[in-house]
Structure formats: C-alpha cells, structure tokens
Amino acid sequence: MAKTVISQKLPPDIDPTKAPLAYGDRALPRLNRELKDKELITRQRALMTLCDYLHDPEHIADALRVGVAESLKALLSDKDPTVRHKTTEVLYVIATHNKGRDAFLDYGIIVPLSKLFDDSVDLARKNAHMAMEMMSEIPYGAAGVVEAQLVPKLVGKLRDELNEIKELILDTLHFCLREETMHALVAGAMEVFTELLGHNQAIIRAKAARDIMDLSVPLDGKNKACEVKALPPLVGLLKDGDTYVRSMAAGAIATITITTQGKYLALEAGAIPHLVELVEDKNSEVRLNSLKALTTLSEAPEGRKELLKHVDLIKKRMEDESQAVVKAATIAVRVITWKP
C-alpha cells in the first residue's frame, strides 16, 4: 500500500464531457443549478466545467456569490464516487483563494469535508486533505480545524494512510500545532511522529521531525518527547543523507534539550559528535539548527566539557555568510566558554 500512486484518471464508465458554459454572467448561476440537478451525468459535467472555470482566481469570488459553496457542501455526501472526488477537487481550488477559505468557515464546510477522510476513493481522500491543508495554512483556518476537533482524527490517519496523503496530514498538523498542542499530545501524536522518523521516505522523516519540534515547544511536549524516547532516532537522523531531514532533526533536538532531562538523554544518545560535524554542513539551516542544539547541550556541565574541545571549529562560524548562523555561533561560543 505504501507505494500506491493515486491516479488522476476518471473511471472508464464516466462521460468526461463538460457541461456547455453559458455566456457571461449566466455561466455560474447555470452551473450552480446543474450542481443540484437530479441527473447524475448533469452533476458530473457541471463539476468538470466548474473545476476548470475556477482555476481563474477572478471567478472564485463570483462563484461564491451565487451560492456554489452551499451546493458543493451538499455534494460531499453524494452517493456517486466521481461526484465526491470532483467536489473535493473544486473545494481545493476554492481553498487556494482567501475568500474561498472564508467560505469554508462561513458555510461550515470543514466538518463535512473531514468525513471524506474515510472515503473509499483514494482521490477523494487526497483532495479532501489537500483542501484541509490549504485551509490550515492561515491562522484562522488552522484554528477552525482545531476547533472542529479534527486533530485526533488526523493523527489517527497517519498510521495507515497512503504516503502522499501522510505528507499532507503532517503539513496540516504542522499548522494546527502552531495554534494548539494539547489535543495532539492527548491523541498520541508524539508517539506517531516518532514512529515515522524511521519511514523509508525522506520527506516523511523530515516532516515528522518538524512536527516533533512543533509539538515540543510547550513543556508538556518536551517531557512527552523524552518519555517516548524520541531523541535517539532524532540523533540518528543527524547522519541522514537528506538535508531537510538533518535540519529538522537538529531543530527538534534543540527544542527538546531546553529541559535538563532532554539534555542528558541527548548526551546519552551521542548527539554532540554528530551536531559538531553539522556545524560545517553546506546548508545554512542545518548549521543554524545544529548550533542552537549545541548551545542548549553546553548548558549541562558534561556537554560543556566535551564542547570545549570544539570551540575553535564553532568560532569559524562567527564569520559565516549567514547572519543568523553568525549570531547562533556567537551565542554558542559565549555559553560554552562561560565560567562561574
């Protein structure tokens, strides 16, 4: 299942012919009427046409004015799988527009859309998650997803969904965790994210590490990361061949090791040698996050003792081309060389 690719092709028994588009101002009102038609083929054709028509952002506001959002909301529960998957595709296009995201909240689309997370059609599920991820990219959209109590459901879907949908879920949760973390912690998100650190796809490993970092911002999250033993696999990812994975792993370690417990668990896992090596990584974000992690680890006497051997290497980063890295290196050197 992990290697399944979701096909964009329509079933062979579906007539792909689009509904004829009326002229001018009559186009959208007619399409909206056809979305409510009793004839299946009429609804399908209207959705095909609407999907193409709304790719022009100027048409989205007009579509919302004639009531298309309410019609699409009703079609989410249509018995026909093609209608459902094209409806979610149209909603994704609408969600790319600010007024479209407003409509999701105004017409209460978030919860009905989430019901398609359980749809038997792969493409309907994927489109539903694409629309939800797009919605969550803005703060009030993410807040709407959290308020709809969808975080536990999203966490649960990470265990058995297709990989390309897992990516979307991890992105949605990333934005939701900026708004609120308790629902995710209670739902076992830290455990699931930690499991995904061993995934065979680099992008999923990286996004899982990023979400661990998000979830570890509050103290409860840091403690949970230590409890579920997230640090050893994160330390292992510091040697990953993918730049994004290394960066997110170092960032997560830097966040968790603010606590004393986190510091010592990271030291036990052998984090310092790998982080020191990343100080000279080609990617500036990797260098930045590794320096931040080394700074927190140097606050422990054992960490400071080990890092005093590498001060000269870290000092070189004080002349880095990235000003953020220069600042992080300056702070790291000051903390490492501090004397009571």
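Computed from a predicted structure; not experimentally measured.

J.: Lay out the overall build of the protein chain in plain terms, naming residues and giving numbers.
T.: A count of helices and strands for the protein chain gives 23 helices and 0 strands. When its C-alpha atoms are laid out on the principal axes, the protein chain stretches across 80 × 35 × 35 Å. Relative to its 340 residues, the protein chain shows a buried fraction of 57%. Across the protein chain, every contact between residues at least 6 apart in sequence was considered, and the portion connecting residues at least 24 apart equals 70%.

J.: Go over helix α4 (residues 68-75), please, and point to the residues and values.
T.: Those residues of α4 that sit buried are V68, A69, S71, L72 and L75. Projection of α4 onto a plane perpendicular to its axis shows the buried side chains occupying an angular sector of 160°, all on one side. Buried residues along α4 sit against α1 (27-35), α2 (40-53), α3 (57-65), α5 (81-95) and α6 (98-106).

J.: Hey, could you go over the side chain of T295 for me, with residue numbers and the actual values?
T.: By secondary structure assignment, the location of T295 is in helix α20 (residues 284-297). On the accessibility criterion, T295 (10% relative accessible area) is buried. Of note is the side chain of T295, whose polar atom sits 2.8 Å from the backbone oxygen of L291. When near neighbours in sequence (up to four residues on either side) are disregarded, T295 contacts A328, I331, A332 and V335.

J.: So what's going on with the environment of E321? Which residues, and what values?
T.: Along the chain, E321 falls in the loop between α22 (311-316) and α23 (323-336). By relative accessible area, E321 is classed as exposed at 74%. Counting along the chain gives 37 residues from E321 to S284, while the straight-line C-alpha distance between them is 8.6 Å.

J.: I'd like a rundown of the nonpolar core, residues and numbers included.
T.: In this structure, L50, L54, L72, F104, L113, F193 and L234 are the most contacted members of the largest nonpolar core, which totals 108 residues. For this core, the leading source of residues is helix α17 (residues 243-256), giving 8 residues.

J.: Any chance you could break down the packing of α20 against α23 for me, citing the residues and the numbers?
T.: The contact between α20 and α23 brings their axes to 9 Å, and the two run at 20°. On the basis of their axis angle, the class for α20 and α23 is roughly parallel. In this structure, the crossing between α20 and α23 has a hand that is left-handed. For the pair formed by α20 and α23, the contact residues are S284, R287, L288, L291 and T295 on the first element and A324, V325, A328, A329, I331, A332 and V335 on the second. A per-class count over the contact of α20 with α23 returns 9 nonpolar, 2 polar and 1 charged.

J.: I'd like a description of α20, backed by residues and values.
T.: With 14 residues, α20 ought to run about 20 Å at 1.5 Å a step, and its terminal C-alpha atoms sit 20 Å apart, in line with that. Counting buried positions along α20 yields 11 of 14 residues, so the element is predominantly enclosed. All of the buried residues in α20 are V286, R287, L288, N289, S290, L291, A293, L294, T295, T296 and L297. Looking at the buried residues of α20, the elements they touch are α17, α18 (260-268), α19 (271-278), α21 (301-307), α22 and α23. Two to three positions downstream of the cap, the backbone nitrogen of E285 sits 2.9 Å from a side-chain oxygen, assigning the N-cap of α20 to N283.

J.: Can you tell me about the side chain of K224, naming the residues and giving the values?
T.: Looking at the element boundaries, K224 is found in helix α15 (residues 219-227). Taking relative accessible area as the criterion, K224 reaches 18% and is therefore assigned buried. Excluding anything up to four places from it in sequence, K224 contacts L185, M190 and E191.

J.: Could you give an account of unusual backbone geometry, with specific residues and numbers?
T.: Located in the positive-phi region is Q149, a residue other than glycine, with phi close to 60°. Within the secondary structure, Q149 sits in the loop between α9 (139-147) and α10 (151-157). Its identity as a non-glycine residue notwithstanding, K229 has a phi of 60°, on the positive side. Within the fold, K229 resides in the loop between α15 and α16 (231-237). K229 gets classed as exposed once you look at its relative accessible area, which sits at 59%.

Rules used throughout
Counting from 1, residues in each chain are numbered in the order their sequence is written. Where totals are concerned, whole chains, interfaces and linings use all residues; where local detail is concerned, this predicted model gives features only for residues with pLDDT of at least 70, and gives and counts side-chain atom pairs only at 80 or more. As a rule here, side-chain values come from all non-hydrogen atoms in the structure, and water together with hydrogens is ignored. Put simply, DSSP H or I for four residues or longer makes a helix, DSSP E for two residues or longer makes a strand, and each gets a number counted from the N terminus. Exposure classes here rest on a 1.4 Å probe applied to the protein chains alone. A residue is buried below 20% of its type maximum, exposed above 50%, and partly exposed in between. Note on definitions: a residue-residue contact is assigned when non-hydrogen atoms from the two residues lie within 4.5 Å. This arc corresponds to the set of directions leading from the helix axis out to the C-beta atoms. For this analysis, a polar contact is any N or O atom pair within 3.5 Å, provided that within protein one partner can donate a hydrogen and the other can accept it, and provided that sequence-adjacent residues contribute only side-chain to side-chain pairs. As used here, the term nonpolar core means buried Ala, Val, Leu, Ile, Met, Phe, Trp, Tyr and Cys residues forming a set that is joined through side-chain atoms within 4.5 Å. Interaxial angle, 0 to 180 degrees, is taken between N-to-C directions of lines fitted to C-alpha atoms, where a helix line uses only the stretch in contact. Angular relationships are summarised with four words: roughly parallel below 35 degrees, roughly antiparallel beyond 145, roughly perpendicular across 65 to 115, and oblique for the angles in between. Definitions for this section: a left-handed crossing has its near helix turned counterclockwise from the far helix by less than a right angle. A right-handed crossing has that turn clockwise. In this classification, Asp, Glu, Lys and Arg are treated as charged, Ala, Val, Leu, Ile, Met, Phe, Trp, Tyr, Cys and Pro as nonpolar, and every other residue, Gly included, as polar. A helix's residues, less one, multiplied by 1.5 Å, set its expected span.

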